[in-house]
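In case you want the letters, here they are:
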Amino acid sequence: MKRSLFAMGGLSSLTMPLLTLFTTVLNSLLLNHLISIPLVDAAFVPSTTSFSDRRSNAVTERTLKRMQRKCALLRNSSLSDSDTDNDEGTKQPHIVILGGGFGGINTALNLPTLPWSDTNKSEYCMRPKITLIDKSERFVFLPLLYELCMEDASLDEVAPTFKSLLKNGQMPTIPGLPSLSGLINTDGKKEAGNEISFIQAKVEGVDVQNQQVVISPTSSSTPETIDYDALVIATGAEISLDGIPGASNFALPFYTVDQCLELKRRLALLDACLDEKSKNGDSQTVNIVVVGGGYSGVELALNLVDRFGHSDSDVQVTLVHRGKQVLEYATEHNRMAGIDRLSSAGVNLMTSTSIVEATQFENDDGSTEMSPLESQRCIVKLRTLANSTVSTDGETITSLDTHLLLWTAGATPTSSLNRGIRNSILPRDVMGRILTSPTLNVPEYPNVFAIGDCSRPKKTPYPGTAQVAIQMATVAAWNVYATLANEKNSGRNSPNNGSLKLWPFTYLSLGEMMTLGRNDATISTLGGIEIEGPGASWVRRLIYAVRMPTARQRLSAAVDGTARKLARGALGVEERKSKPVDWK
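Residues numbered from 1 in each chain as written. Predicted model: local features only at pLDDT ≥ 70, side-chain atom pairs only at ≥ 80, totals over all residues. Heavy atoms only, no water.

(A) Focus on the sheet that holds strand β5 (residues 224–227). Taken together, the 8 strands give an open sheet; going across it, the order is β5-β4-β3-β2-β1-β6-β19-β18, and neighbouring strands pair in mixed fashion. At either end of the open sheet lies a strand with only one pairing partner, and these are β5 and β18 (441–442). Relative to β5, strand β4 (residues 212–217) is paired through 4 bridges, and the arrangement is antiparallel. Paired with I215 across the two strands is E224, which belongs to β5. (Pairing = 2+ DSSP bridges. Helix = DSSP H or I, 4+ residues; strand = E, 2+ residues; numbered from the N terminus.)

(B) Examining the packing of aromatic side chains more closely. Inspection of every chain in the model, using the stated rule, returns 9 aromatic pairs. With a centroid separation of 5.1 Å and 80° between ring planes, the pair formed by Y462 and F505 is classed as edge-to-face. Pair noted here: Y462 is in the loop between β20 (455–456) and α14 (466–489) and F505 is in the loop between α14 and β21 (511–517), with a separation of 43 residues, a long-range link. There is no split in this pair, since Y462 and F505 are both buried. (Phe/Tyr/Trp six-rings, centres within 6.5 Å; stacked < 30°, edge-to-face > 60°. Buried < 20%, exposed > 50% of the residue type's maximum accessible area, 1.4 Å probe, protein only.)

(C) Just unusual backbone geometry, in detail. One non-glycine residue, L327, lies in the positive phi region at around 55°. Checked against the element boundaries, L327 lands in the loop between β10 (315–320) and α11 (332–345). Phi angles above zero are rare outside glycine, and L440 is one such case at about 75°. Structurally, L440 can be placed in the loop between β17 (434–435) and β18.

(D) Expanded view of the packing of helix α10 (residues 295–308) against α11. It is at 10 Å that the axes of α10 and α11 come closest, and there the two elements cross at 30°. Note on packing geometry: the crossing formed by α10 with α11 is left-handed. Facing α10, whose interface residues are V298, L302 and V305, α11 presents R341, L342 and A345. For the contact of α10 with α11, a count of residues per class yields 5 nonpolar, no polar and 1 charged. (Axes fitted to C-alpha atoms, helices over the stretch in contact; angles between N-to-C directions. Left-handed = near helix turned anticlockwise from the far one by under 90°. Contact = heavy atoms within 4.5 Å. Nonpolar A, V, L, I, M, F, W, Y, C, P; charged D, E, K, R; others polar.)

(E) Structural detail: the sheet that holds β21. Reading across the sheet, the 3 strands line up as β21-β22-β23 and stay open at both edges, with antiparallel pairing between neighbours. Both edges of this open sheet fall to β21 and β23 (530–533), since each of them pairs with a single strand only. Each strand axis lies, on average, 5° off the axis of its neighbour in the sheet, ignoring direction. Relative to β23, strand β22 (residues 520–525) runs antiparallel, the two sharing 4 bridges. Bridging across to β23, T522 finds its partner in E532. In the packing of α11 onto the sheet, the strands contacted are β21, β22 and β23, and the crossing angle to β22 comes to about 165°.

(F) Fine view of helix α15 (residues 534–546). A rise of 1.5 Å per residue sets the reference length of α15, with its 13 residues, at 18 Å; its end C-alpha atoms lie 19 Å apart and thus fit the reference within 8%. All of the buried residues along α15 are A536, S537, R540, R541, Y544 and A545. (Expected span 1.5 Å × (residues − 1).)

(G) Region of the structure containing α10. When the terminal C-alpha atoms of α10 are compared, their 21 Å separation across 14 residues agrees well with the 20 Å that a helix rising 1.5 Å per residue should span. Taken together, the buried positions of α10 are occupied by G297, V298, E299, L300, A301, L302, N303, L304, V305, D306, R307 and F308. Just downstream of α10, G309 is the residue with a positive phi angle, here 55°.

(H) Just the packing of helix α4 (residues 102–110) against α14, in detail. Between α4 and α14, whose axes approach to 8 Å, the crossing angle comes to 30°. Classified by chirality, the crossing of α14 by α4 is right-handed. Across from F102, G103, N106, T107 and N110 in α4, the residues of α14 making contact are A466, A469, I470, A473, T474 and A477.

(I) Expanded view of the nonpolar core. Counting 96 residues, the largest nonpolar core has L111, L263, I288, L304, V317 and L406 as its most contacted members. Counting residues per element, this core draws most heavily on α14, at 14 residues. Among residues more than four places away in sequence, those in contact with L263 are C149, L252, F254, L300, L404 and L406. Counting residues in hydrophobic clusters, the runner-up holds 21 residues, among them I133, V203, V208 and I434. (Core = buried A, V, L, I, M, F, W, Y, C linked by side-chain atoms within 4.5 Å.)

(J) Structural view of the pattern of salt bridges. Following the criterion strictly, the structure yields 20 salt bridges and no others. With its nearest N and O atoms 2.5 Å apart, the salt bridge here joins R377 to D401. One end of the pair, R377, is in the loop between α12 (372–375) and β13 (378–385); the other, D401, is in strand β14 (residues 395–402), with 24 residues separating them in the sequence. With a relative accessible area of 9%, R377 lands in the buried category. A single network of salt bridges, built from pairs that share partners, joins D340, R341, D520 and E532. (Salt bridge = Lys/Arg side-chain N within 4 Å of Asp/Glu carboxyl O.)

So, in structure tokens, the structure goes:
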């Protein structure tokens, strides 16, 4: 049975100098990304430029230079406030962001980098107050939630608090490295007048006609009302178990930090159960069922197999997917790599199969007293279509004794957890996504924006990925700025009246990455580069480190991730020894 690597002791004296050298080199490489980030960087361009003609380099260069000149002009003008005699209006604009996922947090961090005026006497918009509202205390970097569960990443790396991401302050001191405070651009949050606050609260409703948001803060039992001048809705999607009888009682979704920690607790109970079975000579198999054959389901199933290592005779992981094949929307390379790993890992794959219901497991002796693990044990009823042995109506109904039922399928904006956002008159499609224009705002309410999984700016929805949300966030930040600036100058004799253009959003897929186990991954990039195996696992971890929201988190993630991988290699970890499965 595998145990925590770091519970086995620290790094050896031989490993520490190598680790210090490696992290120093890694840190120096990352500084090129962290120091002197331009006002509008290249991350903006892929979101707003069409690449269908494959002339991306030329278009990117021209667009970036044009936007940098525009922003430089705006910033210079905003600094010349003493030359303007305008005294009308003294209210500081308030931008409210609902949801702290990839879209919400990146919008909040992008907004301060725009050329706001430090006073209200300029024709350009006054530097706003920015409020981020989320029901959770922590931002979750979802692609690394598996590493957190398997103790291959720290809580602060995968799920830092919003306050730590948004606060002003010094860079952390890393043992063995010189202090980086003052050298690294901390994402613009040190500028005078910049104000970003975080409120942990549940959203009860949005009154777009009166430009107000109703919330229930966790620190108070009394609902509060917050006024806004611009609203960005980035509440994402939540896993819904409402449609399957018994699922909400027994299934554990894998989407939040709390759910990740609960899974760790249940896995620890499974460890104790397996140890007890081993002592008693019990040969009964422990079944773990993962529902959903998308990226999350495949990654979770393979990480579970890796965790239990060579005890495959005691633990059987089953992946249930209602579609005809897993990873339907992945690239061909990643899909085939995922299917190959599932087979070699011994995962029991059931496609064209749906969960009908989950019911309580009953002991043979009829006793009602159950251990914490047995209380979550259930009988899962499965419906399989077009199987080799079918009933008269074309389907087979089977039952599976399940010790652990994990759910990764069915994320939707209409989940009961997002009920407050639906309490508004904003237009929606049948899936609950807010209908927006290509500029990501609602046509009827141009100061209301929606991004990420909860939005639909075109007829065919964009993929529900972090990549889409991050690109949308940069466009939304600029369009919020342009909307407020144009509104301030409407009806005035201003040379820039109405000149700030809102940018339409165009998505550019930069590729995709998947973890296939503790030291295994697969990557497909925009340029056609395809890699897999241990090397891809290293590249994936470093790319995710660079994609963290702030410089502080990027540095911490790069150092911590590198240290854990080096420690695993120094201590030695057994490879997976599960038996291949012939699905045919």
